[in-house]
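Coordinates in review
What follows is each chain in one-letter form.
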Amino acid sequence: MSDKATLEINGQKHEFPLITGTENEVAIDIKALRSVTGGVTTIDPGYKNTGSCVSAITFLDGEKGILRYRGYSIEELAEKADFLEVAYLLIFGELPTQEQLDKFHSDIKKHSVVDDDVKKILDAFPKSAHPMGVLSSLTSALTAFNPSSVNVDSEEEMYNAIVRILGKFPILVAWTMRKKMGLPLDYGSSSLGYVENILQMMFKRPDENYEQNPILVNALDKLLILHADHEQNCSTSTVRIVGSSHAGLFASLSAGISALWGPLHGGANQAVIEMLEAIKEDGGDTKKYMGKAKDKEDPFRLMGFGHRVYKNFDPRARIIKKAADDVLGDLGVEDPILDIAKGLEKEALEDDYFVKRKLYPNVDFYSGIIYRSMNIPVEMFTVMFALGRLPGWIAQWREMRLNKEPIGRPRQVYTGETLRSFKGINER
Ligand code: ACO
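We now turn to the structure provided with this report.

What counts and how
- Residues numbered from 1 in each chain as written.
- Predicted model: local features only at pLDDT ≥ 70, side-chain atom pairs only at ≥ 80, totals over all residues.
- Heavy atoms only, no water.
- Helix = DSSP H or I, 4+ residues; strand = E, 2+ residues; numbered from the N terminus.
- Rg over C-alpha atoms; globule rule 2.2 N^0.38 Å.
- Contact = heavy atoms within 4.5 Å.
- Areas by Shrake-Rupley, 256 points an atom, 1.4 Å probe, with all protein chains shown as cover.
- Lys, Arg positive; Asp, Glu negative; His and termini not counted.
- Charge placed at Lys NZ, Arg CZ, Asp CG, Glu CD.
- Phe/Tyr/Trp six-rings, centres within 6.5 Å; stacked < 30°, edge-to-face > 60°.
- Expected span 1.5 Å × (residues − 1).
- Buried < 20%, exposed > 50% of the residue type's maximum accessible area, 1.4 Å probe, protein only.
- Polar contact = N/O pair within 3.5 Å; in protein donor to acceptor, adjacent residues only side chain to side chain.
- 1 Å grid on protein atoms, 1.4 Å probe; cavity = no way out; pocket = protein on both sides within 12 Å on 5 of 7 lines; lining within 4 Å.
- Points joined across faces, edges and corners; volume = space filled by probe spheres on them.
- Nonpolar A, V, L, I, M, F, W, Y, C, P; charged D, E, K, R; others polar.
- Core = buried A, V, L, I, M, F, W, Y, C linked by side-chain atoms within 4.5 Å.
- Salt bridge = Lys/Arg side-chain N within 4 Å of Asp/Glu carboxyl O.

1. Focus on the overall build of the protein chain
When helices and strands are counted, the protein chain shows 18 helices and six strands. Its C-alpha atoms give the protein chain a radius of gyration of 23 Å, near enough to 22 Å, the size a compact globule of 428 residues would have. With the principal axes as the frame, the protein chain shows a C-alpha extent of 75 × 65 × 55 Å. Long-range contacts, defined here as pairs at least 24 residues apart, represent 72% of the contacts in the protein chain between residues at least 6 apart. Element-wise, carbon and sulfur atoms account for 50% of the exposed surface of the protein chain, whose accessible area totals about 22,000 Å². Between the centroid of the 52 positive side chains of the protein chain and the centroid of its 60 negative side chains there is a distance of 5 Å.

2. With respect to the packing of aromatic side chains
Within this structure, the stated rule accounts for 13 aromatic pairs. Their ring planes at 65° and their centres at 5.5 Å tell us that Trp175 and Tyr187 sit as a pair that is edge-to-face. Of the two residues, Trp175 sits in helix H7 (residues 155-181) while Tyr187 sits in the loop between H7 and helix H8 (194-203), which places them twelve residues apart along the sequence. For the pair Phe203 and Tyr210, a centre-to-centre distance of 6.5 Å together with 15° between the ring planes defines the contact as stacked.

3. Comments concerning helix H9 (residues 214-227)
Counted at 1.5 Å a residue, the expected span for H9 with its 14 residues is 20 Å, and the 20 Å between its end C-alpha atoms agrees. Within H9, eleven of the 14 residues are buried, leaving the element largely enclosed by the surrounding structure. Along H9, the residues classified as buried are Leu216, Val217, Ala219, Leu220, Asp221, Lys222, Leu223, Leu224, Ile225, Leu226 and His227. For H9, the side-chain oxygen to backbone nitrogen distance between the N-cap and Ile215 is 2.8 Å, and the N-cap itself is Asn213.

4. Some thoughts on empty space enclosed by the protein
Under the counting rule described, the total for this entry stands at three cavities of 30 Å³ or more. Approximately 110 Å³ is the volume found for the largest cavity. Lining the largest cavity we find Lys321, Ala324, Asp325, Leu328, Leu338, Ala341, Lys342, Glu345, Phe365, Tyr366 and Ile369. Listed by contribution, the elements that provide at least two residues to the lining of the largest cavity are helix H14 (315-331), helix H15 (336-350) and helix H17 (363-373). Its residues assigned to classes, the lining of the largest cavity shows seven nonpolar, no polar and four charged. By volume, the second largest cavity amounts to about 60 Å³. Lining of the second largest cavity is provided by Leu122, Phe125, Pro126, Lys127, Ala129, Pro131, Val134, Thr176, Lys179 and Lys180. Elements represented by at least two residues in the lining of the second largest cavity include exactly helix H6 (131-145) and H7. Counting residues per element, the lining of the second largest cavity draws most heavily on H7, which supplies three residues.

5. A look at the nonpolar core
By size, the foremost hydrophobic cluster in this structure holds 117 residues, and its most contacted members are Tyr69 and Leu302. Sort the elements by how many residues they give to this core and H7 lands first, with 14 residues. Sequence-distant contacts of Tyr69, that is, excluding residues within four places in its chain, are made with Ile57, Thr58, Ile74, Leu77, Val86, Leu89, Leu90, Ile225, Leu226, His227, Ala228 and Asp229.

6. Description of the pattern of salt bridges
Evaluated as defined, the whole model comprises 22 salt bridges. The closest approach of N and O atoms between Lys404 and Asp153, which form a salt bridge, is 3.1 Å. Pair noted here: Lys404 is in the segment after helix H18 (381-402) and Asp153 is in the loop between H6 and H7, with a separation of 251 residues, a long-range link. A salt bridge links Lys292 to Asp298, with the shortest nitrogen-to-oxygen separation between them at 3.1 Å. Since its relative accessible area comes to 24%, Lys292 is described here as partly exposed.

7. Some remarks on H17
The α-helix advances 3.6 residues per turn, and as a result positions three or four apart in sequence lie on the same side. Most of H17 is tucked away: ten of the eleven residues are buried. Among the residues of H17, Val363, Asp364, Phe365, Tyr366, Ser367, Gly368, Ile369, Ile370, Tyr371 and Ser373 are the ones counted as buried. Buried residues belonging to H17 abut H9, helix H12 (268-281), H14, H15 and H18. Following H17 by one or two positions, Asn375 has its phi on the positive side, about 65°.

Spelled out as structure tokens, the structure:
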């Protein structure tokens, strides 16, 4: 294959270099497009065809259903690693030795205290506030309590910012949920593993010991690993683009949380359960809702189905389906919502509309089901996604800053009025 692409505009030919990634993905490098063509730009709403960066963190092939972090398959990581090892891998590029992992964990624990005044900010939110809005605000508030912006040329400063947020974020998550449930706010226990500590911080009641259930710990560990990174998705691109203006890590993460909130992205896990509940309320007729999903006049979409990049299957959905079966079996959950979910899944997988468009259940079809059976309130589901995605956001932010990427600033094609004269108010 040639290493150049030729573009002809108004009879003039321009050559652009091709870039080939380590997995043989080919991209046309159009950095020089505007200067060599005298201002011609490209248009690609939703960036369906546009690479915003080169990245060595996550590889995914949507056609083949491949997802790898730093070269390791998601299947192997979900089976053999724990979430903190995966976080280290994503952020620093290699799996940690035992010594590195112990130090990483102990540094995170050292920073597992949030200024007590943050409780006052949390207090000011009504109980009805959506946890994603609360989490985004609290993460942003941390900037005020940790004001120094990160000097990215200092490895030490970068490391400190990373362990700080990994230590404090689970507390914000737990407090957000406890506030909603009317439980007293607390700090975790430094004797527990990262994931066990999260569970205890979320669920421990003041009047009893919290008993860890290994099946739940394992399911949450897996869920967090599966959500830990997904290359240049909407929230990650947001984190990178906000960080590209040299805004601090916490501020960039807060923006990422807002991006994740939407129902077409991380909000899908909440939307799945709400959809299943609505179907149940309406008599449980899955066929009716299949019909609505296929009707182009109807805005209804089957939540938890389809994916921008996975066009055959979502490898994360396969792994988590098994964890969902384990959790539901272990907890002996009987839930009419699950029957509706199974019915929809079966019908969609056999339906022409869904098969033709390659629409399969995505990871969030199952994650919502697990979170519900763990008694996590439905509005907290996307917060759990954010907890998992945190190391990915950090890794991508770090890479963007270390690569000295320019400020993100897309172009547009203007389609508004051309120059016109101002009319005084009486002439309009
Ligand atoms: N239900 C019904 N039809 C659908 C669905 C769905 N869930 N998803 C896509 N389609 C249809 C579209 O209407 C379109 O049909 P057409 O070709 O006849 O016009 C076709 O499938 C292609 O869909 P697009 O929207 O163009 O696909 P895109 O890649 O832009 O969108 C998205 C992907 C946003 C995930 C979409 O599938 C969707 O809205 N799914 C439901 C929400 C969801 O589950 N989001 C979670 C994503 S996973 C994550 O963030 C972790």
